2 protein chains.
Amino acid sequence: MTRQLLFDNIRRRKSFLCVGLDSDIRKLPKHLLENEDDPVFAFNRAIIDATADVCVAYKPNLAFYECNGLAGWKSYERTIQYLHNHYPTHFVIADAKRGDIGNTSQMYARSFFEEQDVDAVTVAPYMGEDSVTPFLGYAGKWVVMLALTSNKGSLDFQLLEDKDGERLFEKVLRTSLGWGNEHNTMYVVGATRGSLFADVRRIVPRHFLLVPGVGAQGGSLEEVCRYGMNDACGLLVNSSRGIIFADSTEHFADVAREKAAELQKQMENLLRERGLL
Amino acid sequence: MTRQLLFDNIRRRKSFLCVGLDSDIRKLPKHLLENEDDPVFAFNRAIIDATADVCVAYKPNLAFYECNGLAGWKSYERTIQYLHNHYPTHFVIADAKRGDIGNTSQMYARSFFEEQDVDAVTVAPYMGEDSVTPFLGYAGKWVVMLALTSNKGSLDFQLLEDKDGERLFEKVLRTSLGWGNEHNTMYVVGATRGSLFADVRRIVPRHFLLVPGVGAQGGSLEEVCRYGMNDACGLLVNSSRGIIFADSTEHFADVAREKAAELQKQMENLLRERGLL
């Protein structure tokens, strides 16, 4: 999906919400576990059907599928296929945090972009250029590179300053500008990072940012938008647990929709304030 | 597997070789592709049977399985199961380069250590403490953290110096000493890094290092040992392509064994020189 199409979808749905499919089998509603052959897929399908018109992206987190072995891999593939078949204009991010030496990253790129045909994959930058560039050779596909993550541990290394006062996340942003551009690269910046968004935007004013950490992790949507929004929106804000596990009864999908719609309403207002609608 | 047991196995087999199962389906011998239902597993089984007595560890690289989707996941699981059943004293490293926020890393840890029951998993440190510690709570299991990798891109960020002259890989080593110890943590240090091994050993003298980059990537085994070996050997040296794809005829397993045995002989000499045999 091109940057322009993504922005068009954001305007059409008045939303830059990404729903994170962290579909932990241990947290699924009991009735699905008891009655469904593939409860993870059944859960995802219901969540997707309930939220598709208030979001623009889905982000399955591979960890929650891999931990179920073969059955998990199947649930994941069926979810991707379901999205392709029924919601082809939704942006699909495989949240896999991959990254390895060139020949291995090449295999991951093939896997995600040719076999699964998802739109984007999250990649860790620690191993540098040749671990990232194999993902950049696919038209309409995206690398989403970790820059400044939402977790506590992000403080361990990402804020380290070099001799010139440049922090590691800034070095990652600046260096990777030499590898790709705003049409094939996004960055993960955690919603919990507040005013650091301004520092991110100084280096990558035009790129899309994937923003986890609103909801369960405590980040503020208003603050993210104040510092992070650009004139093509430039934000995909993810919420996972706050939407998909808001309720664990037979009404889980309705409640998930309510939670997603609440965020969509806030997003619509923020897009209007910015003059993007 | 405990550190002591690993060292015992190294002395018994006179080898600290890890065979990398980067079993790219496009490079498999033709007769396997034509005659086998699961050519990747058939290939791995033959490689394992041919090399088990000259190595102490196997390292399947997940990228080369994932890219085949469900079938690939099956090949991977069958390989792990085969190792458990036939070679239970070999150390098995899932080369997955995982690492995510705490609750997600917890799922990966469950997947690798409870479901698959491998001995170790490679983890990227970029996201810091809570992305790594979930892997440390399993007795006899290991995190293998990226420190100084063998690829060209490793120069992009891993050698960055902070204001006090400490480089990022050194910061990763030093900081992670507060999370684990030499009984549950190893580090990836590329064979192409030569004398930097001495800098690594200044910070982590007792830890095991997983060393890729001998063979196809050009690193020197002698140099690695000169700077990196400690009194429990402290090294697992990996070779993948240089062993498993040394020949693509029906004799591939025999040739793989020859290549592995050559490395084992060199390793035996190096262990003797050091007085460890």
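Residues numbered from 1 in each chain as written. Chains lettered and ligands numbered in written order. Predicted model: local features only at pLDDT ≥ 70, side-chain atom pairs only at ≥ 80, totals over all residues.

Overview of the relation of the copies chain A and chain B
Turning to step 1, where the next piece is worked out: Under the fitted operation, chain A is carried onto chain B by 0.0 Å of movement along the axis and a turn of 180°, and the coordinates agree to an RMSD of 0.0 Å. A rotation of that kind, with that shift, is consistent with a two-fold axis.
Turning to step 2, where the next piece is worked out: Most of the interface of chain A is mirrored in chain B, where 100% of its interface residues again form contacts. (Least-squares fit on C-alpha atoms with pLDDT ≥ 70 in both. Contact = placed C-beta atoms within 7 Å.)

Topic: the sheet that holds strand β8 (residues 235-239) of chain A
All names here are of chain A.
Turning to step 1, where the next piece is worked out: Strand order in the closed barrel formed by eight strands is β1-β2-β3-β4-β5-β6-β7-β8, and the pairing between neighbours is parallel. Strand-to-strand, the axes of this sheet are offset by a mean angle of 30°, without reference to chain direction.
Turning to step 2, where the next piece is worked out: Here four bridges tie strand β1 (residues 17-21) to strand β2 (residues 57-60), and the two strands are oriented parallel to one another. Residue pairing in the sheet places Val 19 in a bridge with Tyr 58 of β2.
Turning to step 3, where the next piece is worked out: Running over the sheet, helix α10 (residues 196-203) touches β5 (142-148), β6 (185-189) and β7 (208-211) and is turned about 135° from β5.
Turning to step 4, where the next piece is worked out: On top of the sheet, helix α13 (residues 252-273) reaches β1 and β8; it is set at about 155° to β1, its chief contact. (Pairing = 2+ DSSP bridges. Helix = DSSP H or I, 4+ residues; strand = E, 2+ residues; numbered from the N terminus. Axes fitted to C-alpha atoms, helices over the stretch in contact; angles between N-to-C directions.)

A short note on the sheet that holds strand β4 (residues 120-123) of chain B
Residue and element names in this part refer to chain B.
Turning to step 1, where the next piece is worked out: Taken together, eight strands build a closed barrel; the order of strands is β1-β2-β3-β4-β5-β6-β7-β8 and the barrel is parallel. Within the sheet, the average angular offset between the axes of one strand and its neighbour, ignoring direction, is 30°.
Turning to step 2, where the next piece is worked out: Bridging between strand β2 (residues 57-60) and strand β3 (residues 91-98) involves two bridges; their strand directions are parallel. Within the sheet, the bridge partner assigned to Ala 57 lies in β3 and is Phe 91.
Turning to step 3, where the next piece is worked out: Across the sheet, helix α13 (residues 252-273) touches β1 (17-21) and β8 (235-239), and the angle it forms with β1 is around 155°.

With respect to unusual backbone geometry
Turning to step 1, where the next piece is worked out: Phi angles above zero are rare outside glycine, and Lys97(A) is one such case at about 50°.
Turning to step 2, where the next piece is worked out: Looking at where Lys97(A) falls in the secondary structure, it is placed in strand β3 (residues 91-98).
Turning to step 3, where the next piece is worked out: Positioned with a positive phi, Lys14(B) is a non-glycine residue whose angle comes to about 50°.
Turning to step 4, where the next piece is worked out: With respect to the element layout, Lys14(B) can be found in the loop between α1 (3-13) and β1.

As for the packing of helix α9 (residues 168-176) of chain B against helix α10 (residues 196-203) of chain B
Two quantities define a packed helix pair, namely the angle between the helix axes and the distance between the axes.
Residue and element names in this part refer to chain B.
Turning to step 1, where the next piece is worked out: Packing of α9 against α10 brings their axes to within 9 Å, and their N-to-C directions diverge by 25°. The orientation of α9 relative to α10 falls into the category roughly parallel. The element α9 and its partner α10 pack so that their crossing is right-handed. Across from Glu 170, Leu 173 and Arg 174 in α9, the residues of α10 making contact are Asp 199, Val 200 and Ile 203. (Parallel < 35°, antiparallel > 145°, perpendicular 65-115°, else oblique. Left-handed = near helix turned anticlockwise from the far one by under 90°.)

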